[in-house]
Amino acid sequence: MGKRVYEFAKEQNVTSKQVITQLEKMNKPVKNHMAVLDEESVKQLDRVFNPEKYRSADKQEKPAATKPAETKSAESKPADAKPAAKQEAPKARPQASGGQSNQAGNRGGNRFGNNRNDNRNKKRGGKFKGKPAKAAVPLEADPNSKTSQRKAARLAQESEMGNVIKYDDVLSVSDLAAKMDKKPNEIIMKLMGLGVMATINQTLDDETIELLATEFGYEVEKEVLIDETDFEEVEIDFSEYELVERPAVVTIMGHVDHGKTTLLDSIRNTKVVAGEAGGITQHIGAYQVEVNDKKITFLDTPGHAAFTTMRARGAEVTDIAIIVVAADDGVMPQTEEAISHAKAANVPIIVAVNKMDKEGANPDRVKQELTEFGLVPEEWGGETIFVPISALKDEGIDELLEMILLVSEVEEYKSTPEMPARGSVIEAKLDKGRGPVATLLVQHGTLRIGDSIVVGSTFGRVRAMVNDIGRRVKEVGPSTPIEITGLNDVPQAGDQFIVFEDEKKARAIGEKRYQRYLESQRRESAKVSLDDLFSRIQEGEVKDLNVIIKADVQGSAEALAGSLRKIDVAGVKINIVHQGVGAITEGDVILASAANAIIIGFNVRPDGNARSMAEQEHVEMRLHRIIYNAIDEIESAMKGMLDPEFVEEITGQVEVRDVFKVSKVGTIAGCYVTEGKISRDAGVRIIRNGIVVYEGKLDTLRRFKDDVKEVATGYECGIKVEKFDDIKVEDVIEAFIMKEVERK
Ligand SMILES: Nc1nc2c(ncn2[C@@H]2O[C@H](COP(=O)(O)OP(=O)(O)OP(=O)(O)O)[C@@H](O)[C@H]2O)c(=O)[nH]1
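Residues numbered from 1 in each chain as written. Predicted model: local features only at pLDDT ≥ 70, side-chain atom pairs only at ≥ 80, totals over all residues. Heavy atoms only, no water.

Engineer: Got a sec to walk through the side chain of N467? Specific residues and values, please.
Structural biologist: As for its position among the elements, N467 is in the loop between β17 (458-466) and β18 (475-476). Polar contacts involving the side chain of N467 include one to the main-chain amide nitrogen of I469, which spans 3.0 Å. (Helix = DSSP H or I, 4+ residues; strand = E, 2+ residues; numbered from the N terminus. Polar contact = N/O pair within 3.5 Å; in protein donor to acceptor, adjacent residues only side chain to side chain.)

Laid out in structure tokens, this is it:
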């Protein structure tokens, strides 16, 4: 059988829609992306999409008349960013641990490196790569033929006449209409003709823009603009500066209860920066200690969730990972995860074998177990540093810190205090009195009070800076954590920041980034959800359904994955991005968000963080207890036959017998449960004389002075309903929960 449209498109690195449009031009219309192409069409299409190939085949020596579209990416430079001169990689160094630090040499200070820049270009410009800009035209590939020349001239003229639409980031229906001098309605009608319902403000994806433009006789050119607005993408030019040593930034990871927090506390308590004694330790998310006249910066949030979240947002702040393993417990699931995260981040690992004071401590077993992960101790011929410690008894801490200094020396972490500051957000919150408060890690340059700063999608002027021991400071240099106020909104952990000399510029760039952020939020909400899966399949938008499976046991995860892979609907492929055992975690949600996947939980539930993260990231989670239902649901969604999945269940009735007004708190109802039970997380309806006067959630549920999870029939309790103070004696509170129904 011949190739299908989408297969051909994939091979050519173009979209199915482009192939379909081209086929129409060739008078060979096809129904959709599943259509099978005959050999002749494949040949003709190949010629259209690869004119260069045929040129060389025809042994034409003269250069091509029309060049493939070039994006501005490589050339465009911010006004005052220097030409990107690569930092020379310091000479190869011994590794601190097995196999992770191959690129360590490159890390000497340049964390906004080139690689991400490349990736971003690929991501944005990818669709258009390898596709000639004038793909819609050349059937005759000979650039020297009269026709070609005439066409090239006409095209050049057309572009001058404005027949080429240029855009950089996104276009809405009305933007596109304006660019083509058309009414938005014409675009909307055209979209309807293509089976897509759109509103005037709806943003269009690249494919749709191209399709519409072609329909109206326009060419499109997406310009990948990298300017100061995308400061994360601009390689830092250090060539003007003398690089100096900077403290290493260390993250502590490991399994639950293996002693991460105890270790962080122990390091902090024993090594408060010399000369600063008397300061009051402040939790700002990171702290510095001084050892042998050298500083080390520790990120104060143990565990890899924070580490991964930061990395997922593009912040590469950690230089060294300490993996804590309890000597009496050995390698556990989260130890493995931590190792994977550290390896993925390509940072050196130091193993702290903790709880050496305990009776069952068996450091050799830990070493043995870790060899499986490529972490082989030096005394066994490997390159990983192992340090036996007791975080509880403050033993081995000095040795551990010395090892960190040793690795730092080897890796030569460098930066300059001279440039305007840039770095990453460690944590941020809204403080009632102080407004947005953010802990920043200055990675390069010096941050000063009064600096105009853009942080993530917000901006401001640095009003006050407080360090990790609660002292107000005026300026800080590389690798220093500092809490600042003065931003006009709360940024997110992992956001990057940069200081601009010009306040107006900071404001303009901050505002532009905020607009983009809003736009991306809008697009985020268009993520895959089972409810609209079918219509998107029909529109040809979804060809792969990405799925993450979490199950209670390995066997179920495999069974479910196997069955899902077998579902065969309309050429849509199910892609199992990840399968694993255990509760749905924040990490799963981050992965799902990045991969545009839905999560299927089988006999497992999301943990608290995962649930809120999923809401925030618009990641869909489907929870099941019967494999067949999970499979059936996905299959039904793919066929467009999804039923509602939640029903309400009334769990109890409560009578209000007394009310107390408490200043600052509101009205507390003294109640009696007359039927069933009421639980803390229940939804409630306030019923007065048979009429529902309010529906909402519980704020508190108490028996005497204690918060309780649940109160049963025949018991008294105190209830405060969230955002509702008009509760009255004799009101009836109906408690309900939303219950998942299993599909038949
Ligand atoms: N005997 C002994 N107990 C320790 C040592 N280090 C930590 N512990 C104890 O182990 C328990 C867990 O320590 P934490 O520091 O809370 O462990 P964690 O890894 O931060 O745990 P999570 O935050 O829950 O992931 C606590 O009861 C500590 O007192 C040690 O060196 N020796």
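Engineer: Go over the confidence of the model for the protein, please, and point to the residues and values.
Structural biologist: Considering every residue of the protein, the mean pLDDT works out to 77; 76% of them sit at 70 or more. For residues 58-152, every residue scores under 50 in pLDDT, and the model assigns this stretch 189 contacts once sequence neighbours within four places are set aside. Reported for the predicted complex are a pTM of 0.51 and an ipTM of 0.98. (pLDDT = per-residue confidence, 0-100. Contact = heavy atoms within 4.5 Å.)

Engineer: Lay out the site of the ligand with the relevant residues and their values.
Structural biologist: Around the ligand, 15 residues are found, and the nearest of them are D257, K260, T261, T262 and D357. Take D257: an N or O atom from its main chain is 2.9 Å from an oxygen atom of the ligand. Here an oxygen atom of the ligand and a side-chain polar atom of N354 are 3.0 Å apart. Taking 650 Å² as the accessible area of the ligand by itself, protein coverage stands at 71%. Examining the composition of the shell around the ligand, we find that three residues originate from one element, helix α10 (residues 260-270), more than from any other. (Near = heavy atom within 4 Å. Areas by Shrake-Rupley, 256 points an atom, 1.4 Å probe, with all protein chains shown as cover.)

Engineer: Lay out the nonpolar core in plain terms, naming residues and giving numbers.
Structural biologist: In terms of nonpolar packing, the biggest core is built from 27 residues, with L263, I267, I296, F298, I322, I350 and I404 touching the most fellow members. Elements that contribute at least two residues to this core include exactly β6 (248-254), α10, β7 (286-291), β8 (294-299), β9 (320-326), β10 (349-354), β11 (385-388) and α14 (397-411). The leading source of residues in this core is α14, at six residues. Sequence-distant contacts of I296, defined by excluding residues within four places in its chain, comprise P247, A248, V250, Y287, Q288, V289, V291, L401, I404 and L405. In terms of nonpolar packing, the next biggest core, distinct from the first, is built from 20 residues, V547, I549, V572 and A630 among them. (Core = buried A, V, L, I, M, F, W, Y, C linked by side-chain atoms within 4.5 Å. Buried < 20%, exposed > 50% of the residue type's maximum accessible area, 1.4 Å probe, protein only.)

Engineer: Break down unusual backbone geometry for me, with residues and values.
Structural biologist: Non-glycine residue D257 carries a positive phi angle of around 70 degrees. If you trace the backbone, D257 turns up in the loop between β6 and α10. For D257, a relative accessible area of 62% puts it in the exposed group. Phi is positive for S479, close to 65 degrees, though the residue is something other than glycine.

Engineer: Tell me about the sheet that holds strand β19 (residues 480-487), residues and numbers included.
Structural biologist: Taken together, the six strands give a closed barrel; going around it, the order is β13-β14-β19-β17-β16-β20, and neighbouring strands pair in antiparallel fashion. Taken pair by pair, the neighbouring strands of this sheet meet at an average axis angle of 45 degrees, ignoring direction. Note: strand β13 (residues 422-431) against strand β14 (residues 435-444), nine bridges, orientation antiparallel. Considered in β14, the bridge of D431 is made with G435. (Pairing = 2+ DSSP bridges. Axes fitted to C-alpha atoms, helices over the stretch in contact; angles between N-to-C directions.)

Engineer: Give me the lowdown on the packing of helix α17 (residues 554-566) against helix α20 (residues 627-639), citing residues and values where you can.
Structural biologist: Two elements in contact, α17 and α20, have axes whose closest approach is 10 Å; the angle formed by their N-to-C orientations is 30 degrees. Relative to α20, the element α17 is oriented roughly parallel. Crossing angle aside, the handedness with which α17 passes α20 is right-handed. Here S556, A559, L560, S563 and L564 of α17 come into contact with α20, specifically with I627, A630, I631 and I634. Residues that form the contact of α17 with α20 fall into these classes: seven nonpolar, two polar and no charged. (Parallel < 35°, antiparallel > 145°, perpendicular 65-115°, else oblique. Left-handed = near helix turned anticlockwise from the far one by under 90°. Nonpolar A, V, L, I, M, F, W, Y, C, P; charged D, E, K, R; others polar.)

Engineer: I'd love a proper account of the packing of helix α2 (residues 16-25) against helix α3 (residues 39-49), names of residues and values included.
Structural biologist: Relative orientation of the contacting elements α2 and α3 amounts to 110 degrees, with a least axis distance of 11 Å. Classified by the angle their axes make, α2 and α3 are roughly perpendicular. The residues of α3 that touch α2, namely those facing Q18, V19, Q22 and L23, are S41, L45, V48 and F49.

Engineer: Tell me about the packing of aromatic side chains, and please be specific about residues and values.
Structural biologist: Tallied over the full model, the rule gives three aromatic pairs. When the centroid spacing of 6.3 Å and the interplanar angle of 55 degrees are considered together, the rings of F8 and F49 count as tilted. One end of the pair, F8, is in helix α1 (residues 5-12); the other, F49, is in helix α3, with 41 residues separating them in the sequence. Taken individually, F8 and F49 each receive the classification buried, so the pair is uniform in this respect. A cation sits over an aromatic face here: K190 above F216, 5.4 Å from the ring centre. (Phe/Tyr/Trp six-rings, centres within 6.5 Å; stacked < 30°, edge-to-face > 60°. Lys NZ or Arg CZ within 6 Å of the ring centre and 35° of its normal.)

Engineer: Residues and numbers for α2, please.
Structural biologist: Among the 10 residues of α2, seven are classified as buried, and the element is accordingly described as predominantly covered. One or two residues past the end of α2 sits N27, with phi positive at roughly 60 degrees.

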